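# A structural walkthrough
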Amino acid sequence: MESDASCKSATLRTNLYATLDQVKAGRRVVIERHAAPMAALIPMTDYWELIMRRARQHRPKEEFMPTQRLVIANASGGEGKSTVARELAYSLALLGYKVALFDLDPQASLTKALGLHDDPASPARTEEATVGRVFSRDEPPPLPEPMQVHGVDVWPANDSLNSVDNVLNNDFARAANLREALDAYLSGMAEPYDFVILDTKPQRTNFLTASVAAADHLLVPVSGIKGLENLDVLLKLVKVARGIAPSLTLRAFIPNRIRENVDHHKELLHHLQTDLSRLAPVTSNVRDSLATMGGATQQRLPAVLYKPKAKVSEDIVAMTHNVLKILGVKVPA
Ligand SMILES: Nc1ncnc2c1ncn2[C@@H]1O[C@H](COP(=O)(O)OP(=O)(O)OP(=O)(O)O)[C@@H](O)[C@H]1O
Ligand SMILES: [Mg+2]
């Protein structure tokens with residue numbers, strides 16, 4: 001790791017932009033006054049990590065909680081899977097939970113939204129960084145080490161994951177490999193994750209089955225009636241995945257990108273709360289907010305870090321609390 005730079009407080013004003021450029025490039029700059037360190041400028045990703053570590057230290061330790069494994073899936077495209085996975089992960093981390101985030105979609109929207117593909121030389125663009133390798137043998141090889149992004153451990157995706165379906169189409173028995181590799185990874189951790197969140201691809205393929213089967217709880221984001229059209233396809237896939245993960249359960253629908261005054265969204269919410277309530281409860285809505293979501297993606301940040309006071313971020317926090325309640329996890333004060 002590069003050593004920290006230093007800057008005298010008296011010259012900070014004249015060197016401010018050059019100093020900030022150093023910080024933006026990942027360097028920490030110690031500000032010295034009378035030759036003694038008095039403050040430091042640190043990259044934002046270090047800042048978020050500190051905030052989350054502090055939240056972890058302050059979170060009252062309830063009784064032992066096994067890692068909660070959540071998969072976000074919907075066999076329709078564009079319903080907000082990657083957005084919900086990202087926002088849920090970071091709002092749980094802000095509550096003081098230790099969180100892992102897996103991108104299991106070769107499209108890699110989640111990985112890209114976190115900025116991990118911006119550098120052409122980023123390890124996130126290599127096959128070795130993805131979970132792909134766990135399917136390469138009958139006995140799953142260990143998961144690679146994650147990348148740290150703003151205090152959350154991330155397993156990135158890239159288009160090399162397209163080959164997973166070829167492997168699984170020839171040998172479906174390996175669909176259990178991701179779950180087994182995750183079991184092994186978690187059991188080897190001194191301080192296991194509180195939450196593992198898996199983002200999935202929309203196409204109903206064997207890789208999606210393997211991804212869903214790596215979790216115990218299924219959350220389904222829905223942003224329109226179209227998002228429910230393939231629900232039967234998803235439920236059939238869950239039945240198959242239960243061969244690998246017997247306790248896998250549909251735990252909640254998450255209405256996302258909702259405009260409450262629009263008729264078809266009113267219909268959607270009504271349908272979820274009546275006809276579909278026998279399948280799973282519905283969380284509070286996450287509103288449609290192009291400005292905040294678009295800005296967050298552009299800044300390579302989750303909305304809850306980019307604009308924590310925006311209404312949509314408040315919706316995400318409320319939805320996160322709902323999910324905790326549904327899972328029976330005591331919400332930290
Ligand atoms: N609450 C929201 N407000 C505004 N825009 C949103 C919201 N949720 C998601 N979006 C936007 O909608 C688009 C689709 O969202 P996202 O990529 O999360 O869906 P997805 O289900 O993961 O898609 P895919 O099936 O392609 O993986 C993205 O451009 C995202 O920024
Ligand atoms: Mg996605």
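Refer to the structure presented above.
The residue count restarts for each chain, going from 1 along the sequence in the order it is written. Whichever chain is written first becomes A and whichever ligand is written first becomes 1, with later ones labelled in order. Predicted model: local features are reported for residues with pLDDT of at least 70 only, side-chain atom pairs are reported and counted for 80 or more only, and whole-chain, interface and lining totals are derived from all residues. Hydrogens and water are ignored here; the side-chain numbers use all heavy atoms of the structure.

### Topic: the packing of aromatic side chains
In summary, the pairing rule links any two rings of Phe, Tyr or Trp, Trp by its six-membered ring, whose centres are within 6.5 Å, and it sorts them by plane angle into stacked for under 30 degrees, edge-to-face for over 60 and tilted for everything else. With the rule as written, the count across this model stands at six aromatic pairs. Taking 6.3 Å as the distance between ring centres and 80 degrees as the angle between the ring planes, the aromatic pair formed by tryptophan 155 and tyrosine 193 counts as edge-to-face. One end of the pair, tryptophan 155, is in strand S7 (residues 152-155); the other, tyrosine 193, is in the loop between helix H6 (177-187) and strand S8 (195-200), with 38 residues separating them in the sequence. Judged on exposure class, the residue tryptophan 155 and its partner tyrosine 193 are both buried. Among the aromatic side chains, those forming a connected cluster through ring pairs are Phe102, Trp155, Tyr185 and Tyr193. It is lysine 98 that lies over the ring of tyrosine 193; its NZ or CZ is 5.6 Å from the centre. Put simply, DSSP marks the helices as runs of H or I at least four residues long and the strands as runs of E at least two long, and each gets a number from the N terminus on. Using a 1.4 Å probe on the protein chains alone, a residue whose accessible area is under 20% of its type maximum counts as buried, one over 50% counts as exposed, and one in between counts as partly exposed. Either the NZ atom of lysine or the CZ atom of arginine qualifies as a charge over a ring when it sits within 6 Å of the ring centre and within 35 degrees of the ring normal.

### Considerations on a positive patch on the surface
On the surface, a cluster of positive charge is made up of Arg204, Lys236, Lys239 and Arg242. On the basis of relative accessible area, arginine 204 is assigned to the partly exposed category, the value being 42%. Patch construction takes residues with relative accessible area above 30% that form no salt bridge. Like charges are linked within 9 Å, and nonpolar side chains (Val, Leu, Ile, Met, Phe, Trp, Tyr) are linked within 5 Å. The method behind every accessible area is Shrake-Rupley, applied with a 1.4 Å probe, and residues are considered shielded solely by the protein chains displayed. For this document, the term salt bridge refers to a Lys or Arg side-chain nitrogen within 4 Å of an Asp or Glu carboxyl oxygen. Asp and Glu count as negative and Lys and Arg as positive, but His and the ends of the chain are not part of the count. By convention, the point assigned to a charge is CZ for Arg, NZ for Lys, CD for Glu and CG for Asp.

### Concerning the packing of helix H3 (residues 81-94) against helix H11 (residues 290-298)
For the pair H3 and H11, the least separation of the axes is 13 Å and the interaxial angle reads 80 degrees. Our classification of the angle between H3 and H11 gives roughly perpendicular. Where H3 abuts H11, its residues Thr83, Arg86 and Glu87 lie against Met293, Ala296 and Thr297. When its residues are assigned to classes, the contact of H3 with H11 shows two nonpolar, two polar and two charged. Between the N-to-C directions of two axes lies an angle of 0 to 180 degrees, each axis being a line fitted to C-alpha atoms and, for a helix, fitted only over the stretch in contact. Angles are sorted into four bins: roughly parallel if under 35 degrees, roughly antiparallel if over 145, roughly perpendicular if 65 to 115, and oblique for all others. Here, two residues are considered to be in contact whenever any of their heavy atoms come within 4.5 Å of each other. Gly is placed with the polar residues, together with every amino acid not listed as nonpolar (Ala, Val, Leu, Ile, Met, Phe, Trp, Tyr, Cys and Pro) or charged (Asp, Glu, Lys and Arg).

### Some words on the sheet that holds strand S9 (residues 217-222)
A pair of strands counts as paired when DSSP detects no fewer than two bridges linking them. Across the sheet, eight strands lie side by side as S6-S7-S5-S8-S4-S9-S10-S11; this open sheet has mixed pairing. Among the strands making up the open sheet, the edge pair consists of strand S6 (147-149) and strand S11 (286-287). Alignment of strand S5 (residues 99-104) against S8, held across six bridges, turns out to be parallel. Of the residues in S8, the one forming a bridge with aspartate 103 is aspartate 199. Those strands touched by H3 are strand S4 (68-72), S5, S6, S7, S8, S9 and strand S10 (249-258), and its axis lies near 165 degrees from that of S8. Along the sheet, helix H10 (residues 263-273) makes contact with S9 and S10, crossing S10 at roughly 165 degrees.

### Overview of the site of ligand 1
Lining the immediate environment of ligand 1, one finds 18 residues, of which Gly78, Lys81, Ser82, Thr83 and Arg287 sit closest. Between ligand 1 and lysine 81 there is a distance of 2.8 Å, counted from an oxygen atom to a side-chain nitrogen or oxygen. N or O atoms closer than or at 3.5 Å make up a polar contact, with two conditions inside protein: a donor-capable atom paired with an acceptor-capable one, and, for residues adjacent in sequence, both atoms drawn from side chains. Backbone polar atom of serine 82 to an oxygen atom of ligand 1: 2.8 Å apart, as the coordinates give it. Look at ligand 1: alone it shows 620 Å² of surface, and the protein chains cover 81% of it. Elements with a contribution of two residues or more to the shell around ligand 1: H3, S10, S11 and H11. Any residue with a non-hydrogen atom lying within 4 Å of a molecule or strand is treated as near it.

### A short note on the environment of lysine 266
Within the secondary structure layout, lysine 266 lies in helix H10. Leaving out residues up to four positions away in the same chain, lysine 266 has contacts with Glu260 and Asn261.

### Observations concerning the environment of aspartate 4
Tracing the chain through its elements places aspartate 4 in the segment before strand S1 (5-8). We classify aspartate 4 as partly exposed; its relative accessible area is 43%. C-alpha of aspartate 4 to C-alpha of aspartate 46: the two residues are 42 residues apart in sequence and 13 Å apart in space. For aspartate 4, the residues in contact, after removing those within four places along its chain, are Arg27, Arg28 and Val30.

### A closer look at the side chain of histidine 150
The topology assignment puts histidine 150 in the loop between S6 and S7. Note on histidine 150: relative accessible area 11%, which makes it buried. With near-sequence residues (within four places) excluded, histidine 150 lies in contact with Thr45, Trp48, Glu49, Met52, Tyr90, Arg300, Leu301, Pro302 and Leu305.

### A short note on the sheet that holds S1
Strand order across the open sheet formed by three strands is S1-S2-S3, with mixed pairing between neighbours. Of all strands in the sheet, those bounded by a partner on one side alone are S1 and strand S3 (36-41). Strand after strand, the sheet turns through a mean of 35 degrees between neighbouring axes, direction not considered. Strand direction decides the pairing type here: S1 and strand S2 (residues 29-33), joined by four bridges, are parallel. Bridge pairing in S2 links cysteine 7 to isoleucine 31. Helix-sheet contacts for helix H1 (residues 9-24) involve S1, S2 and S3, and the interaxial angle to S1 is about 150 degrees.

### Quick word on unusual backbone geometry
In the Ramachandran plot, alanine 108 falls in the positive-phi region, its phi being about 60 degrees despite a non-glycine side chain. Among the secondary structure elements, alanine 108 is positioned in the loop between S5 and helix H4 (109-113).

Geometry only, nothing functional implied.
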